[in-house]
Amino acid sequence: MTHKVAVIGAGLAGLSCSSALRRAGCFVEIFEQEKTLGGRVATIRNGLVAFDAGAQYLTARGDKFRSYINELVASGYAARWDPKTTSGENKGVQLHTWYVGTPGMSSIVRPLAESVRVHMGKKVHTLSQTDKGWMIWFEDQTNVGPFAAVAVAVPAPAARLLLGRVEGMDEALSRVRMMPTWAVMVRLAERTLPDQDVFSDMSEVLRWIARNSSKPGRTSSGGGETIVVHASPNWSRETEDADPEAVAQELWSEVTRQLGLPAVTPQQMSAHLWTHGLVDQSLGESFIYSTHYKLGAAGDWCLGRLAEHAYESGQGLGRAIVASLT
Ligand SMILES: Cc1cc2nc3c(=O)[nH]c(=O)nc-3n(C[C@H](O)[C@H](O)[C@H](O)COP(=O)(O)OP(=O)(O)OC[C@H]3O[C@@H](n4cnc5c(N)ncnc54)[C@H](O)[C@@H]3O)c2cc1C
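Cut-offs used in this document
- Residues numbered from 1 in each chain as written.
- Predicted model: local features only at pLDDT ≥ 70, side-chain atom pairs only at ≥ 80, totals over all residues.
- Heavy atoms only, no water.
- Helix = DSSP H or I, 4+ residues; strand = E, 2+ residues; numbered from the N terminus.
- Buried < 20%, exposed > 50% of the residue type's maximum accessible area, 1.4 Å probe, protein only.
- Contact = heavy atoms within 4.5 Å.
- Areas by Shrake-Rupley, 256 points an atom, 1.4 Å probe, with all protein chains shown as cover.
- Lys, Arg positive; Asp, Glu negative; His and termini not counted.
- Charge placed at Lys NZ, Arg CZ, Asp CG, Glu CD.
- Near = heavy atom within 4 Å.
- Polar contact = N/O pair within 3.5 Å; in protein donor to acceptor, adjacent residues only side chain to side chain.
- Domains from an automatic or database assignment.
- Pairing = 2+ DSSP bridges.
- Buried area = accessible area lost by both parts, 1.4 Å probe.
- Phe/Tyr/Trp six-rings, centres within 6.5 Å; stacked < 30°, edge-to-face > 60°.
- Lys NZ or Arg CZ within 6 Å of the ring centre and 35° of its normal.

Asker: Requested: an account of the overall build of the protein chain, with residues and values cited.
Answerer: For the protein chain, the count of helices and strands is nine helices and 18 strands. Counting across all 326 residues of the protein chain, residues that qualify as buried make up 52%. Sequence separation of 24 or more characterises 68% of the internal contacts of the protein chain that already satisfy a separation of 6 or more. Accessible area for the protein chain stands at about 14900 Å²; split by element, carbon and sulfur atoms hold 48% of it. Each charge sign in the protein chain was given a centre, from 32 positive and 33 negative side chains, and these centres are 6 Å apart.

Asker: Now, about the site of the ligand: what can you tell me, with residues and values included?
Answerer: Near the ligand there are 34 residues, and of these Ala13, Glu32, Arg40, Tyr57 and Asp300 occur at the shortest range. For the ligand, an oxygen atom lies 3.1 Å from a polar atom in the backbone of Gln56. In this structure, a nitrogen atom belonging to the ligand sits 2.8 Å away from a main-chain N or O atom of Tyr57. In isolation the ligand exposes 1000 Å². Once the protein is present, 94% of that is buried. The set of elements that each furnish at least two residues to the shell around the ligand consists of helix H1 (12-23), strand S16 (268-281) and helix H9 (307-325). When residues of the shell around the ligand are sorted by domain, at least three fall in each of domain 1 (1-35 + 120-176 + 283-326) and domain 2 (42-106 + 177-281).

Asker: Help me get a handle on the pairing of strand S3 (residues 43-46), residues and values and all.
Answerer: When a strand is regular, its side chains alternate between the sheet's two faces. Bridge count between S3 and strand S4 (residues 49-52): four bridges; the pairing is antiparallel. Looking at S4, one finds that Arg45 is bridged to Ala50. Where S3 folds back on S4, the antiparallel hairpin that results is connected by two residues, among which Gly47 adopts a positive phi of roughly 65 degrees.

Asker: How would you explain the domain arrangement of the protein chain if you had to name every residue and give the values?
Answerer: The domain architecture assigned to the protein chain consists of domain 1 (1-35 + 120-176 + 283-326) and domain 2 (42-106 + 177-281). Using C-alpha coordinates to define each centre, domain 1 is positioned 29 Å away from domain 2. Contacts between the two partners involve 16 residues from domain 1, matched on the other side by 15 residues from domain 2. Together domain 1 and domain 2 conceal approximately 1400 Å² of surface at their shared face, both sides included; 63% is due to carbon and sulfur atoms.

Asker: Quick one: what's the story with the packing of aromatic side chains, residue by residue and with numbers?
Answerer: One pass over the structure, following the stated rule, counts nine aromatic pairs. Judged by centre distance (5.1 Å) and plane angle (25 degrees), the rings of Tyr68 and Tyr311 are stacked. In this pair, Tyr68 sits in helix H2 (residues 63-74) while Tyr311 sits in helix H9, placing the two residues 243 residues apart along the sequence. Accessibility classification places Tyr68 together with Tyr311 in one group, the buried group. For Lys4, the ring lying beneath its charged end belongs to Phe147, and the centroid distance is 5.0 Å. The lysine or arginine in question, Lys122, covers the ring of Phe138, its NZ or CZ lying 4.7 Å from the ring centre.

Asker: An account of the side chain of Arg211 is needed here, citing residue identities and associated values.
Answerer: In this fold, Arg211 is placed in strand S14 (residues 206-211). Residue Arg211 is classed as buried on the basis of its relative accessible area of 1%.

Pasting the structure below:
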């Protein structure tokens, strides 16, 4: 019998979980609140140019994720990125090979989304159990179901809203801490950054500056360059209620100060807040799953703070669901 399983969240963890479920013959439906796939592995288009606003690059520590990246590279969805990290060199901060999605980071989830049904713009509000299985309720009070099992692949604080009343889950989910992160996307008419493509931990305010246009497959902006800036989690927490325009101005001034740039006015600049951006305290287990309720949760926050952790967590939860249904 084909089991119907619902996955909430079309980030890397949700899509990875779906692929494990599909491989085992389950019928999978994904519900995603946004209108785009990928979650924090995001390509945000701003006018004519696209920016990698969330995850900057992928690294693989384990064999499974390495073989997934190899597949992406072979099919043209990713390529190696060798940025200049210190003048003239590309080693410095790079312990592992860096890969990026092409033409933007969100391409890296595309193969996982093939042959699954993804319902976009569907924010899940509640889960309810009936004698036939789980029903999923949306914000507009419509529902779908029943499903034999549900995988909740959203950031831990959002998972807590859906699973907090399930025995034992609230305690586990409340141990996880996630921090906000501001991302600022900047387009400049001329090349302005020094001869280096990435800068990390420049000050208490700045966590990361990257020349987005130095990544492979990015369209150049007519001789100029595109830049992505990430604020530090602490500064982002202090300013999470601030006006995005003011945040963009403040962070660009800080970049100018720290890198000693001439006073240039960007052609375009915008800020995006990742409310649950980076994991500060992870769970320390690959996923959460109740074989009794057939409900589980996955995400980067289970194992760490990287895309690879999200991928592994999703695979683990998918396999656990399959084992519990057979
Ligand atoms: C600024 C920043 C920089 C980063 N840099 C790197 C990096 O360089 N390298 C790296 O490996 N990792 C990096 N990461 C981390 C990486 O992006 C994450 O580890 C990974 O994308 C997490 O995937 P996920 O599926 O667990 O969660 P998410 O990507 O957050 O996916 C969760 C999905 O669930 C959806 N959702 C949430 N609530 C609901 C709901 N109620 N109903 C329906 N849908 C819902 C969300 O819209 C989202 O699409 C970075 C993250 C940030 C924010």
